[in-house]
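Observations on the three-dimensional arrangement
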Amino acid sequence: MAIQWFPGHMNKAKKELQERLGGIDVVIEMLDARLPASSANPMIAQLAKRKPSIKVLNKQDLADPAVTQQWLNWYRKPGTIAIGLDASEKSPAQKLIEACMDVAPNRGTIDKPLRVVICGIPNVGKSTLINSITGRRIAKTGNEPGITKGQQRIMLCDEIELFDTPGMLWPKITVPQGGYNLAASGAVGRNAMDEEEVALELLAYLMRYYVKELDARYNIGDIAGMQDWQVMEQIGRKRGAMLSGGRINIQKTAEIILTDFRGGAIGRMTLERPDEWRAWEKAAKEAAVLRAAEKEAARLEREARVAKAAKRR
């Protein structure tokens, strides 16, 4: 199934962001370091084009450090700075201040502060960062996406005014793997996904790159030649997710796997590499062109049938 989630409050957040961006000097987009491209909102890129930007790869303590470096290099280009953050950061405010000053030098003063907006997908850790910066709990946090519903204004320092925005996805996720990665990270509401399917997609990827971590967490042994669903069943047995008659409780097993991944219990891992993302994007575009051609062919065929029937009358 395709993963799509764009509830009404996100459409409202999009309109508010569009209005806000007119007076903004710098756009900070928080990304999940475990899925940097999947968590990059194309709407933000479109709305904020030509504005200086900072890409913050958050939760880097949960991500594969070698792959995080690849993504930091990927995002660094003229007009854009990329930095990593995680829960252990002692002075995230200072790190953001320095990045803002670097990307927009000589722009912020006490009389005319630099106006900065911070955006990101749901559950990317934006509210936790805001609370860390201010030293008090002014933003709601939680494990469910979509908690922050309105914009907030914070003085990052005397020279920088920061506007927080609600977590926001986009109306159509075009790269299927990106949708699964977003769902695995917890950025998508539970009613918009099949947890068993998402867990299987996650397992299939982890089996390619993180076999040792899977074995260390679940003691599943040699999985060479096994399918993702067989590994899921093995995990279910090891974790006691059983039903009567010795059957595996697949739903409970899927929840265990997703919870472990989101909390970093399986290990530090990243679900996409830059070269993979390029290939996924290319495949998605080719599939979209093919679907459009098939749709147009079907339309022409219908019109031909209608015209032929009309002549018979």
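Described in the following lines is the structure provided in the data block. This is a predicted model, so every value here is computed, not measured.

With respect to the pairing of strand 4 (residues 114–120)
Most of strand 4 sits out of view: 6 of its 7 residues are buried. Alignment of strand 1 (residues 26–32) against strand 4, held across 5 bridges, turns out to be parallel. Within strand 4, the residue paired with Val26 across the bridge is Val116. In this structure, strand 4 lies alongside strand 6 (residues 160–164), joined through 5 bridges in parallel fashion. Pairing of Leu114 across the sheet is with Ile160, part of strand 6.

Concerning the pattern of salt bridges
Side chains carrying opposite charge are able to pair once their charged atoms draw close together. Taken as a whole, this structure holds 15 salt bridges when the rule is applied. Salt-bridge contacts for Asp260 lead to Arg217; the nearest nitrogen and oxygen are separated by 3.2 Å. Highlighted residues: Asp260 in helix 10 (residues 250–263) and Arg217 in helix 8 (residues 211–218), separated in sequence by 43 residues. With a closest N to O distance of 3.2 Å, Arg305 and Glu301 form a salt bridge. Residue Arg305 and its partner Glu301 are located together in helix 11 (residues 274–312), separated by 4 residues, close to a single helical turn. What makes Arg305 partly exposed here is its relative accessible area of 48%. Judged by relative accessible area, Glu301 falls into the partly exposed class, the value being 48%. Counted as one network, the salt bridges with shared partners bring together Arg115, Arg153 and Glu161.

A few points about the environment of Met193
Relative to the helices and strands, Met193 resides in the loop between helix 6 (176–185) and helix 7 (195–209). Exposure remark for Met193: the relative accessible area of 9% places this residue in the buried category. For the pair Met193 and Asp215, spaced 22 residues apart in sequence, the C-alpha separation works out to 27 Å.

A closer look at the nonpolar core
One finds Ile28, Ile54 and Leu182 to be the most contacted residues of the largest nonpolar core, which totals 92 residues. Sort the elements by how many residues they give to this core and helix 7 lands first, with 7 residues. Once residues lying within four places of it in the same chain are set aside, the contact partners of Ile28 are Ile54, Val56, Leu96, Cys100, Val116, Val117, Ile118, Cys119 and Leu162.

A few points about the pairing of strand 2 (residues 53–58)
Of all 6 residues making up strand 2, 6 are buried, and the element is well covered by its neighbours. Residues Ser53, Lys55 and Leu57 point to one face of strand 2 and Ile54, Val56 and Asn58 to the other, with burial holding for every one of them. Where strand 1 lies against strand 2, 6 bridges are found, and the strand directions are parallel. Bridging across to strand 2, Glu29 finds its partner in Lys55. On the question of chirality, the crossover connecting strand 1 to the parallel strand 2 by way of helix 2 (residues 42–47) is right-handed. For strand 2 and strand 3 (residues 80–84), the ladder comprises 5 bridges, and the chain directions are parallel. Note on strand 3: the bridge partner recorded for Lys55 is Ala82. In terms of handedness, the path from strand 2 via helix 3 (residues 65–75) over to strand 3 forms a crossover that is right-handed.

Thoughts on the packing of helix 4 (residues 92–103) against helix 5 (residues 126–134)
At a closest axis distance of 8 Å, the pairing of helix 4 and helix 5 adopts a crossing angle of 100 degrees. Taken as axis vectors, helix 4 and helix 5 run roughly perpendicular relative to one another. Between helix 4, through Pro92, Ala93 and Leu96, and helix 5, the contact on the second element is made entirely by Leu129, Ser132 and Ile133. When grouped by side-chain class, the residues that make up the contact of helix 4 with helix 5 number 5 nonpolar, 1 polar and no charged.

Calculation notes
Residues numbered from 1 in each chain as written. Predicted model: local features only at pLDDT ≥ 70, side-chain atom pairs only at ≥ 80, totals over all residues. Heavy atoms only, no water. Buried < 20%, exposed > 50% of the residue type's maximum accessible area, 1.4 Å probe, protein only. Helix = DSSP H or I, 4+ residues; strand = E, 2+ residues; numbered from the N terminus. Pairing = 2+ DSSP bridges. Salt bridge = Lys/Arg side-chain N within 4 Å of Asp/Glu carboxyl O. Core = buried A, V, L, I, M, F, W, Y, C linked by side-chain atoms within 4.5 Å. Contact = heavy atoms within 4.5 Å. Right-handed = clockwise from strand over helix to strand, strands pointing away. Axes fitted to C-alpha atoms, helices over the stretch in contact; angles between N-to-C directions. Parallel < 35°, antiparallel > 145°, perpendicular 65-115°, else oblique. Nonpolar A, V, L, I, M, F, W, Y, C, P; charged D, E, K, R; others polar.

Geometric values such as these leave the question of function open.
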